[in-house]
Amino acid sequence: MSRIRGIETKIKVQKDVFQIQQGFKNGYANAIRKKSDDDSFDKDDAEKHQIDELLHKLPALDQIFEVHRKIGEGTFSSVYLGSLRRHSTLPAADRRWFAIKHLVPTAHPARIEHELRCLQDIGGKHNVIGVDLCLRHLDTIVFIMPYIPHRKFSEYVGEMDWEELRRYMRALLEALRHVHSFGIIHRDVKPSNFLYDRDNKRYLLVDFGLAQRVCVSPDEPAAPRPASDPAQDSAPTLAHSNKRTRDQLEDDSSPGAKRVALDLTVESKRVNVSTDLSKKLTGPSKVQLPKAVALKREAATCACACAGVGGVCAGGGCATRAVARAPRAGTQGFRPPEVLLKWPRQSAAVDLWAAGVVLATVLLNRYPLFRAADDVSALAEVTELLGTAAVQRAAHHLGRRVVTSVRRPGMCLRKLSAHLRGAAPPRPPSAPPRPPSAPPRPPCARCRRPAARCLCPDENVSASSFEAGKWVAGFPDSAFALAAHLLEPAPAQRPSAAAALSHAFLADPAPHTT
């Protein structure tokens, strides 16, 4: 009898413990749900407060437009969805929608003027966004621009087939060709700045906040600009800025920071020693040059012990060598090697590299393709993909030296796409088909991987050449050739937007399958 009572007591205790555990779980779930609701409420409430504050600061905007919600936010601006107040009674499908870009009050007036002129003179055609209206009151400035419905790039990057990819890249390169014809570099080409309406097949290149005009190198004469090029004439310059501001704009090492890059010229201060001054000086004392000039002259005559070595010594010429400065504006992961190596004479090839990253992202179905948080790690990622020899060769053309502890052979985009997408790796054109009973091939001598898993590029075949009628992972071979051409590390060998548009992948009406 006592044994039965003991069993009943144990069952009752276990039941009570189970009920207590269930109560804790339900309470925890309710708390999580309540926190999520509170976070959503706080976010909506903060967004509504921002809209109310914007309308209060800019009454003219409230009189013309209805501001519905925030649809984007960046370092220098916030973007809202709006519609005309006189269309408030119409259904949503019949309204005309606008993107209202509110620039932060701390933005430099020259940068705002340059962006507005780019939108006015370049936008409105060839898949480049224009501007319909600009409103300003004191330090509150908004751009009213056309709006197209679009989804996030990460939602459809894995769904794009070769036809959709070809239309997408053709539209992007047409926009870049149009922008570059005005002598303007966009500098922030990425999927989130190239809006894509998949249902209506519409495209828009947006956000000219980091755009700059192309500057010739100091040793080349400046070519005369045509009279019909107001975008270049109005582009602000940093030549008259103070040194501290210019250094901050040209060399900000903080990861992920966006800076305006309005000019590439960095004028050195000339030191003129007057002979009259030396006559007035009494005694045998001589005129002393500024400290910076004296250090540069001393560094030029000193031989550095760490020359050609992967390190920097504490003395010698390294301590007095001038710091390399160059525009670094853009988004990490889309910066080309010339930006990572701080080459000052950058050109429109910066945008073509970013377009190549977008194309490779779709072919490999990996977004983002590069994830490094700083320039050195980003250069290491580029070296891992393209190979040490290619990056060092490009650095040599730019007057830079890249020293690595390990040499990387690089990767074949075709093999990498087949590996990531689960397709059979492409067979080299010169390799005969293997019979079923053939012994396994030896591992690769460069990467030491089995032959079936080797991703090394074929040294006998150029990456930018392609085989007509060949397909890899659902894409024509010409698509990989175009990606390799755009991802050329040397900017001088990278194609222009017009040349890329004539590539076989974009020019052919329809590649033939085999």
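The shown structure was predicted, so the numbers you read here are calculated from the model rather than taken from an experiment. Residue numbering note: each chain is counted from 1, following its sequence as written. Where local features are concerned, this predicted model is filtered to residues with pLDDT of at least 70; where side-chain atom pairs are given and counted, the filter is 80 or more; whole-chain, interface and lining totals use all residues. Side-chain metrics in this entry use all non-hydrogen atoms of the structure; hydrogen atoms and water are not considered.

Section: the overall build of the chain
If you tally the helices and strands in the chain, you get 17 helices and 11 strands. Burial statistics for the chain: of 514 residues in total, 40% are counted as buried. By definition in these notes, contact holds between two residues if any of their heavy atoms fall within 4.5 Å. Put simply, 63% of the contacts in the chain that link residues at least 6 apart link residues at least 24 apart. All accessible areas in this document rest on Shrake-Rupley with a 1.4 Å probe, and a residue is counted as covered only by the protein chains that are shown. When the accessible area of the chain is evaluated, it comes to approximately 29300 Å², of which 54% is carbon and sulfur surface. Helix and strand assignments follow DSSP, with helices taken as H or I runs no shorter than four residues and strands as E runs no shorter than two, numbered in order from the N terminus. Accessible area is worked out with a 1.4 Å probe on protein chains only. A residue is then buried under 20% of its type maximum, exposed over 50%, and partly exposed in between.

Considerations on the sheet that holds strand 4 (residues 133-137)
In spatial order, the strands read 1-2-3-5-4; together these five strands make up an open sheet with antiparallel pairing. Either end of the sheet is taken by a strand with one partner, and the two such strands are strand 1 (65-73) and strand 4. Geometrically, the sheet is characterised by an average inter-axis angle of 25° between neighbouring strands, direction not taken into account. Direction of pairing for strand 1 relative to strand 2 (residues 77-84): antiparallel, over a ladder of seven bridges. Counterpart to K70 in the pairing with strand 2 is Y80. In this analysis an axis means a line fitted to C-alpha atoms, helices contributing only their contacting stretch, and an angle means the value between N-to-C directions, from 0 to 180 degrees. Sheet strands in contact with helix 3 (residues 109-121) are strand 3 (97-103), strand 4 and strand 5 (140-146), and its direction is about 20° off that of strand 5. One bridge is not enough; two strands pair if DSSP finds at least two bridges between them.

Some details on empty space enclosed by the protein
Only protein atoms enter the 1 Å grid used here, on which a cavity is any set of points holding a 1.4 Å probe that cannot leave and a pocket is any open set flanked by protein within 12 Å on both sides along at least five of seven lines; residues with an atom within 4 Å of a point are listed as lining. Grid points are joined across faces, edges and corners, and a volume is the space filled by probe spheres set on the points. Here the structure, examined in full by the defined rule, presents two cavities of 30 Å³ or more. Empty space within the largest cavity amounts to approximately 80 Å³. Per-element accounting of the lining of the largest cavity gives the leading share, three residues, to helix 11 (residues 349-364). Only Asp, Glu, Lys and Arg are considered charged, only Ala, Val, Leu, Ile, Met, Phe, Trp, Tyr, Cys and Pro nonpolar, and every remaining residue, Gly among them, polar. A per-class count over the lining of the largest cavity returns seven nonpolar, two polar and four charged.

What about the confidence of the model for the chain?
Of the residues in the chain, 67% reach a pLDDT of 70 or more, and the chain-wide mean stands at 78. pLDDT is a per-residue confidence score from the predictor, ranging from 0 to 100. Taken as a whole, residues 216-287 scores under 50 in pLDDT and shows 105 contacts with residues more than four places along the chain or in a different chain. When the criterion is pLDDT under 50, residues 291-302 qualifies, and its contacts beyond four places in sequence or with other chains add up to six contacts.

What about the packing of helix 12 (residues 375-386) against helix 13 (residues 388-397)?
The N-to-C vectors of helix 12 and helix 13 enclose an angle of 120°; their axes lie 6 Å apart at closest approach. Relative to helix 13, the element helix 12 is oriented oblique. On the side of helix 12, the interface is formed by L379, V382, T383 and L386, while helix 13 contributes T388, A390 and V391. Looking at the contact of helix 12 with helix 13 residue by residue, the classes come out as five nonpolar, two polar and no charged. In what follows, roughly perpendicular refers to angles from 65 to 115 degrees, roughly parallel to angles under 35, roughly antiparallel to angles over 145, and oblique to any angle outside these ranges.

Focus on the pattern of salt bridges
The term salt bridge refers to a pairing of a side-chain nitrogen on Lys or Arg with a carboxyl oxygen on Asp or Glu at a separation within 4 Å. By the definition in use, this model includes 18 salt bridges. For D52, the salt bridge is made with K48, and the minimal N-O distance between the two is 3.2 Å. A residue pair is termed a helical-turn pair when its members lie 3 or 4 positions apart in one helix, as D52 and K48 do in helix 1 (residues 2-57) at four residues. Notably, a salt bridge pairs E338 with R494, separated by 2.9 Å at the nearest N-O pair. Placement of E338 in helix 10 (residues 337-340) and of R494 in the loop between helix 15 (477-486) and helix 16 (497-501) is noted, with a sequence separation of 156 residues between them. One exposure class covers both E338 and R494, and it is buried. Within the structure, one salt-bridge network assembled from shared partners comprises K101, R111, E115 and D207.

Looking at unusual backbone geometry
Y367 connects to P368 through a cis peptide bond whose omega is 0°. Within the secondary structure, P368 is located in the loop between helix 11 and helix 12. One non-glycine residue, L138, adopts positive backbone phi at about 60°. Mapping L138 onto the fold places it in the loop between strand 4 and strand 5. What makes L138 exposed here is its relative accessible area of 62%. Despite not being glycine, D207 shows a phi value in the positive range, around 65°. Following the sequence through the fold, D207 ends up in the loop between strand 8 (202-205) and strand 9 (212-213).

A few points about the pairing of strand 2
By the criterion of burial, strand 2 is predominantly enclosed, with eight of the eight residues buried. Between strand 1 and strand 2, which pair antiparallel and follow one another directly, the connecting turn spans three residues.

Here's the deal with the packing of helix 14 (residues 413-421) against helix 15
Contact geometry of helix 14 with helix 15 gives a least axis separation of 10 Å together with a crossing angle of 120°. On the basis of the axis angle, helix 14 is oblique to helix 15. Here L413, R414 and S417 of helix 14 come into contact with helix 15, specifically with D477, F480, A481, A483 and A484. When the residues that make up the contact of helix 14 with helix 15 are grouped by side-chain class, the tally is five nonpolar, one polar and two charged.

Comments concerning the packing of aromatic side chains
Two aromatic rings are characterised by how far apart their centres lie and by the angle between their planes. Planes of paired rings set the category: under 30 degrees apart is stacked, over 60 is edge-to-face and the rest tilted, where pairs are Phe, Tyr or Trp rings (Trp by its six-membered ring) whose centres lie within 6.5 Å. This structure, assessed with the given rule, holds 11 aromatic pairs. Here the aromatic rings of Y168 and F194 are separated by 5.2 Å at their centres, their planes lie at 85°, and the arrangement is edge-to-face. Of this pair, Y168 sits in helix 5 (residues 162-180) while F194 sits in strand 7 (residues 194-197), and the two are 26 residues apart along the sequence. The burial state of Y168 is the same as that of F194; both residues are buried. Judged by centre distance (6.2 Å) and plane angle (75°), the ring pair of Y168 and Y203 falls under edge-to-face. Of the two residues, Y168 is situated in helix 5 and Y203 in strand 8; the sequence distance between them amounts to 35 residues. Aromatic rings pair up to connect F153, Y156, Y168, F194, Y196, Y203 and Y367 into one cluster. Sitting over a ring, as applied to charges here, requires NZ of Lys or CZ of Arg to be within 6 Å of the ring centre and within 35 degrees of the ring normal. Geometry around F76 places R111 over its ring, the cationic atom sitting 4.9 Å from the centre.

Re the side chain of R187
As for its position among the elements, R187 is in the loop between strand 6 (184-185) and strand 7. Only four residue types enter the tally: Lys and Arg on the positive side, Asp and Glu on the negative side; His and the chain ends are excluded. For the buried residue R187, which engages in no salt bridge, the nearest side chain bearing the opposite charge is D351, 6.8 Å off. Throughout this description, a polar contact denotes any pair of N or O atoms lying within 3.5 Å of each other; where both atoms belong to protein, one of them has to be capable of donating a hydrogen while the other can accept it, and for residues adjacent in sequence the pair is counted only when both atoms sit in side chains. There is a polar contact of 2.9 Å between the side chain of R187 and the side chain of Q212.

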